[in-house]
Amino acid sequence: MELACRIAGCKAVVPAELVTENLCPLHFTVSVEQKCADLRRETVGGAPDDGRREEIIRYLSAAGQTLARVATGNQRLPDELKARILNTFLTLMNLRENMERAAARMKTRTEAANHAAKA
Ligand SMILES: [Zn+2]
């Protein structure tokens, strides 16, 4: 039996790659984009600590892998959805990059503070 997307009102079929998430490809990209927007808000004020950073990186990597499996899976995707998937990849990549930059900035600031304290 084909599984329907868990989003109310959505009748799209859930591909094998998204059975765990119980989402159709479109709503999977929506959920990843939402999560990334939350993470961006969380990381914009300051770099997260190492534990949280690892958690976020794990999420980004898992979402990217699932997305790649959907993109190259059995279900045929309309061009619009392909474009959306590519966009979601971009969101994942940019978030990772922003996080690295925030971490680098924080490191520089800490080093400068340490230097100033020693001087
Ligand atoms: Zn759906």
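This text goes with the structure placed above it.
What counts, and at which threshold
- Counting of residues starts from 1 at the beginning of each chain's written sequence and follows it residue by residue.
- Confidence filtering applies because this is a predicted model: local features only for residues at pLDDT of at least 70, side-chain atom pairs given and counted only at 80 or more, and all residues used for totals across whole chains, interfaces and linings.
- Think of it this way: any DSSP run of H or I at least four residues long counts as a helix, any run of E at least two long counts as a strand, and we number them from the N terminus.
- Based on C-alpha atoms, the radius of gyration is set beside the globule rule, defined as 2.2 Å times the residue count to the power 0.38.
- Residue burial here comes from a neighbour count, namely the number of other C-beta atoms, placed from the backbone, that lie within 10 Å of the residue's own C-beta, with 20 or more meaning buried, 12 or fewer meaning exposed, and in between meaning partly exposed.
- Two residues qualify as a contact pair if the distance between their C-beta atoms, derived from the backbone, is within 7 Å.
- A set of buried Ala, Val, Leu, Ile, Met, Phe, Trp, Tyr and Cys residues, joined to one another through C-beta atoms within 7 Å, is what we call a nonpolar core.
- Take the residue count of a helix, subtract one, and multiply by 1.5 Å to get its expected span.

Quick notes on the overall build of the protein chain
Step number 1: For the protein chain, the helix and strand inventory stands at three helices and zero strands.
Step number 2: In sequence order, the secondary structure elements of the protein chain are arranged as α-α-α.
Step number 3: The C-alpha radius of gyration of the protein chain comes to 18 Å, more than 25% above the 14 Å expected for a compact globule of 119 residues.
Step number 4: Taken across its 119 residues, the protein chain has 19% of its residues classed as buried.
Step number 5: The contacts of the protein chain with a sequence gap of at least 6 include a subset with a gap of at least 24, amounting to 57%.

Considerations on the nonpolar core
Step number 1: Grouped together as the largest cluster of nonpolar side chains are 17 residues, with contacts concentrated most on Leu23, Phe28 and Leu95.
Step number 2: Broken down by secondary-structure element, the contributors of at least two residues to this core are α1 (25–44), α2 (50–71) and α3 (79–118).
Step number 3: What Phe28 contacts, discounting residues up to four positions off in sequence, is Leu18, Glu21, Leu23 and Val70.

Regarding α3
Step number 1: Its 40 residues place the ends of α3 59 Å apart at the C-alpha level, agreeing with the 58 Å of an ideal helix rising 1.5 Å per residue.
Step number 2: Among the residues of α3, those classed as buried are Ile85, Thr88, Thr91, Leu92, Leu95 and Met99.
Step number 3: Lining the buried residues of α3 we find α1 and α2.

Overview of the environment of Cys36
Step number 1: Looking at the element boundaries, Cys36 is found in helix α1.
Step number 2: Taking C-alpha positions, Cys36 is 15 Å from Glu54, a pair spaced 18 residues apart along the chain.
Step number 3: Contacts of Cys36, omitting those with residues within four sequence positions, involve Thr91, Leu92 and Leu95.

Brief notes about the environment of Ile7
Step number 1: Looking at the element boundaries, Ile7 is found in the segment before α1.
Step number 2: Spatially, the C-alpha atom of Ile7 lies 7.2 Å from that of Leu23, the residues being 16 residues apart in sequence.
Step number 3: Ignoring any residue separated from it by four or fewer positions in sequence, one finds Ile7 in contact with Leu23 and His27.

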